[in-house]
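Spelled out, the chains give:
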Amino acid sequence: MKIDESLPFIPVAIAVLTVSDTRDLSQDRSGDTLAARIGEAGHRLADRAVVRDEVEAIRKQVSAWIADPAIEVVITTGGTGFTGRDVTPEAIEPLFEKRMDGFSAVFHRISYDKIGTSTLQSRATAGVTNATYIFVLPGSPGACKDAWDGILRPQFDYRHQPCNFVEIMPRLDEHLKRGKLRGA
């Protein structure tokens with residue numbers, strides 16, 4: 001990872017959603033892991049919540065955050081497996097304006113080095129909606145560490161070279177602006 005120290009660090013506002021039928025905030029090790037890493041990296045924890053493994057509950061919370069211009073990134077943890085109650089991808093993917101297929105590929109590559117073929121049991125995914133990045137992570141603290149340390153921390157550092165998510169944030173909604181200029 002190459003960091004250009006001549007550039008300023010630009011903090012972003014990140015909301016964390018834990019999807020669980022059994023945990024609340026006091027028992028949320030994965031959410032705690034993400035919140036700690038967000039703060040340690042110099043970013044702002046904009047909000048944090050826990051909702052049950054229910055499509056409408058997940059979608060309602062994430063939709064509220066993507067409608068909030070003060071929230072730039074949403075990270076969910078939990079509900080990415082194959083059991084009947086694992087519905088986070090089903091709740092979130094219909095919201096995507098653009099999918100980030102590379103996120104899943106890189107996440108699985110990092111995860112494979114730690115847990116081998118068990119990485120296949122995760123449906124981690126990501127995308128962009130309303131100029132907001134959305135990342136759907138598995139519910140284990142280890143998976144949250146892998147995603148943050150290996151992908152999200154460097155990509156949310158404006159100084160990361162040769163490119164990063166922060167530098168393109170002002171352009172994520174240019175298709176909406178272009179339509180307004182054309183009278184669409």
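Residues numbered from 1 in each chain as written. Predicted model: local features only at pLDDT ≥ 70, side-chain atom pairs only at ≥ 80, totals over all residues. Heavy atoms only, no water.

Thoughts on the environment of V55
Among the secondary structure elements, V55 is positioned in helix α2 (residues 55–67). When its relative accessible area of 27% is taken as the criterion, V55 is described as partly exposed. Sequence spacing of V55 and P89 is 34 residues, and the spatial spacing of their C-alpha atoms is 9.0 Å. In contact with V55, not counting residues within four places along its chain, are V87 and A91. (Helix = DSSP H or I, 4+ residues; strand = E, 2+ residues; numbered from the N terminus. Buried < 20%, exposed > 50% of the residue type's maximum accessible area, 1.4 Å probe, protein only. Contact = heavy atoms within 4.5 Å.)

A word on the nonpolar core
Ranked by internal contacts, the top residues of the largest apolar core, which has 28 residues, are I75, F103, Y133, F135 and F156. Sorting elements by how many residues they give to this core places helix α5 (residues 141–155) first, with six residues. In contact with I75, not counting residues within four places along its chain, are I14, A15, V16, L17, L34, F135, L137, W148 and L152. In this structure, A15, V51, I71 and V87 belong to the second largest nonpolar core, which totals 18 residues. (Core = buried A, V, L, I, M, F, W, Y, C linked by side-chain atoms within 4.5 Å.)

Structural notes on unusual backbone geometry
Here the bond from Q161 into P162 is cis, since omega is 15°, no more than 30 degrees from zero. Residue position: P162 is located in the loop between β8 (160–161) and α6 (165–168). We note that A131 has phi near 60°; this positive angle belongs to a residue other than glycine. With respect to the element layout, A131 can be found in the loop between β6 (125–129) and β7 (132–137).

Regarding the sheet that holds strand β2 (residues 13–19)
One open sheet holds the six strands; their spatial order is β3-β2-β4-β7-β6-β5, and the pairing between them is mixed. The open sheet has two edge strands with one neighbour each: β3 (44–51) and β5 (98–99). The pairing of β5 with β6 spans two bridges and is antiparallel. When the bridges of β6 are listed, K98 appears paired with V128. (Pairing = 2+ DSSP bridges.)

Things to note about the packing of aromatic side chains
A full pass over the atoms with the stated rule returns eight aromatic pairs. Look at Y133 and F156: their rings are 5.4 Å apart centre to centre, the planes differ by 80°, and that puts the pair in the edge-to-face class. You can see Y133 sitting in strand β7 and its partner F156 sitting in the loop between α5 and β8, a full 23 residues away along the chain. Both residues of the pair, Y133 and F156, belong to the buried class. Connected via pairs of aromatic rings, a cluster forms that spans F103, F107, Y133, F135, F156 and F165. (Phe/Tyr/Trp six-rings, centres within 6.5 Å; stacked < 30°, edge-to-face > 60°.)

With respect to the side chain of T80
Assignment of secondary structure puts T80 in the loop between β4 (73–77) and α3 (88–92). Ignoring sequence-local partners within four residues, the contact set of T80 consists of D86, P89, Q121, S122, R123, A124, V136, L137 and P138.

Describing the side chain of D86
With respect to the secondary-structure elements, D86 resides in the loop between β4 and α3. No salt bridge is formed by the buried D86, whose closest oppositely charged neighbour, R123, lies at an N-O distance of 5.9 Å. Among the polar contacts made by the side chain of D86, one reaches the side chain of T83 at a distance of 2.8 Å. (Lys, Arg positive; Asp, Glu negative; His and termini not counted. Salt bridge = Lys/Arg side-chain N within 4 Å of Asp/Glu carboxyl O. Polar contact = N/O pair within 3.5 Å; in protein donor to acceptor, adjacent residues only side chain to side chain.)

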